[in-house]
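Residues per chain are reported as follows:
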Amino acid sequence: MKIIKKGRPKTFNKHNADNIAMHAYWREGMDNVSLNEICRQIGESKPSVYREYGGEDGLKASALKLYLDKRVNILAKYLFNEKQFIEKLETAFNFLVNSHFDDENYFPCLYNKESWFPSKSMSAECKNIIQKKDEEILFNLKNKLIEAIELGEISIDVDVDVFISYVHHQLKLIATLANNKVPKDTLNGMVSLIMDPLKKS
């Protein structure tokens, strides 16, 4: 009797799958790409994706985490370094206006979009990921602002929580406008309006 040797089992390439799914959801929106289409792009069967991620929600969560790591967490090196608070904000805004979208990517920022206008199909896990990222940024910004006030770098006569929420939203706004190719002169003028009150304190 002829013995048929089985080939080596195919290994699921999760890194590749995450990257393909991330770009698909980023490009089309998380409501607008079917799991069948993601599977086709990945080159894997639906059962294989289910085994790896536990379902479509798990795939979306993994893709969203990758997006935050590749496109959002990069801001941390500008916002949370050892420079003075004003300089931190200026370098962060400068990065968003002049560098972050030089890759000619015209897709809406997935983080901003899902933070402001969550997809109808967004799972509780994905909502929690976005919420935790918002809370993380707000927490770190608040601590840096309080530190700057205590060091006498700046003095503001407003509620710290309100001010930090304002700064966070302005970072998202400038990022969104830069992503949509609003002229840099306009964006830099808006940044000046945001920063001037701090410089006059």
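In the block above lies the structure referred to throughout.
Fair warning: this is a prediction, and the values are worked out from it, not measured in the lab.

Right, let's talk about the overall build of the protein for a bit. Looking only at helices and strands, one finds 10 helices and 0 strands in the protein. Written out in order from the N terminus, the α and β elements of the protein read α-α-α-α-α-α-α-α-α-α. Here the C-alpha atoms of the protein give a radius of gyration of 21 Å, more than 25% beyond the 17 Å that 2.2 N^0.38 yields for 201 residues. For the protein, the C-alpha atoms occupy an extent of roughly 90 × 35 × 30 Å along the three principal directions. Long-range pairs, those at least 24 residues apart, make up 71% of the contacts in the protein with a sequence separation of at least 6. Of the roughly 11,600 Å² of accessible surface on the protein, a fraction of 53% belongs to carbon and sulfur atoms. Looking at charge distribution, the protein has the averaged site of its 29 positive side-chain charges lying 11 Å from that of its 28 negative ones.

A few words now on helix α10 (residues 184-199). With 16 residues, α10 ought to run about 22 Å at 1.5 Å a step, and its terminal C-alpha atoms sit 21 Å apart, in line with that. The sharpest bend along α10 measures roughly 30 degrees and falls at Leu193, with the proline Pro197 sitting one to four residues further on. Of all the residues in α10, the buried ones are Leu187, Val191, Ile194, Met195 and Leu198. As for α10, its buried residues are in contact with α6 (85-98) and α9 (160-179).

Another aspect to go through is the packing of helix α8 (residues 124-150) against α9. How two helices pack is summed up by the angle between their axes together with the distance between the axes. Packing of α8 against α9 leaves a shortest axis separation of 9 Å and a crossing angle of 125 degrees. The pairing of α8 with α9 is recorded here as oblique in orientation. The interaxial crossing formed by α8 with α9 has right-handed handedness. Between α8 and α9, the contacting residues are Asp134, Ile137, Leu138, Leu141, Lys142, Leu145, Ile146 and Ile149 on the first element and Val160, Asp161, Phe163, Ile164, Ser165, Val167, His168, Leu171 and Lys172 on the second. Considering only residue class, the contact of α8 with α9 consists of 11 nonpolar, 2 polar and 4 charged.

Tallied over the entire structure, the rule returns 5 aromatic pairs. Seen from their ring centres, Phe12 and Tyr53 are 6.0 Å apart, and the 75 degrees between their planes marks the pair as edge-to-face. Highlighted residues: Phe12 in the segment before α1 (14-28) and Tyr53 in helix α3 (residues 46-53), separated in sequence by 41 residues. For the pair formed by Phe12 and Tyr53, the shared burial category is buried. In this structure an aromatic cluster arises from ring pairing among Trp26, Tyr67 and Phe107.

With that settled, the discussion passes to the side chain of Lys88. Looking at where Lys88 falls in the secondary structure, it is placed in helix α6. Despite its burial, Lys88 pairs with no opposite charge, the nearest such side chain being Glu147 at 5.3 Å. At 2.3 Å, the side chain of Lys88 forms a polar contact with the backbone oxygen of Lys83. If we skip the residues at most four places from it in the chain, Lys88 touches Tyr78, Leu79, Phe80, Asn81, Glu82, Lys83 and Lys144.

Procedures and definitions
- Residues numbered from 1 in each chain as written.
- Predicted model: local features only at pLDDT ≥ 70, side-chain atom pairs only at ≥ 80, totals over all residues.
- Heavy atoms only, no water.
- Helix = DSSP H or I, 4+ residues; strand = E, 2+ residues; numbered from the N terminus.
- Rg over C-alpha atoms; globule rule 2.2 N^0.38 Å.
- Contact = heavy atoms within 4.5 Å.
- Areas by Shrake-Rupley, 256 points an atom, 1.4 Å probe, with all protein chains shown as cover.
- Lys, Arg positive; Asp, Glu negative; His and termini not counted.
- Charge placed at Lys NZ, Arg CZ, Asp CG, Glu CD.
- Expected span 1.5 Å × (residues − 1).
- Bend = angle between axes of the 7 residues up to and from the residue.
- Buried < 20%, exposed > 50% of the residue type's maximum accessible area, 1.4 Å probe, protein only.
- Axes fitted to C-alpha atoms, helices over the stretch in contact; angles between N-to-C directions.
- Parallel < 35°, antiparallel > 145°, perpendicular 65-115°, else oblique.
- Left-handed = near helix turned anticlockwise from the far one by under 90°.
- Nonpolar A, V, L, I, M, F, W, Y, C, P; charged D, E, K, R; others polar.
- Phe/Tyr/Trp six-rings, centres within 6.5 Å; stacked < 30°, edge-to-face > 60°.
- Salt bridge = Lys/Arg side-chain N within 4 Å of Asp/Glu carboxyl O.
- Polar contact = N/O pair within 3.5 Å; in protein donor to acceptor, adjacent residues only side chain to side chain.

Take it as geometry only, folks, not as evidence of what the structure does.
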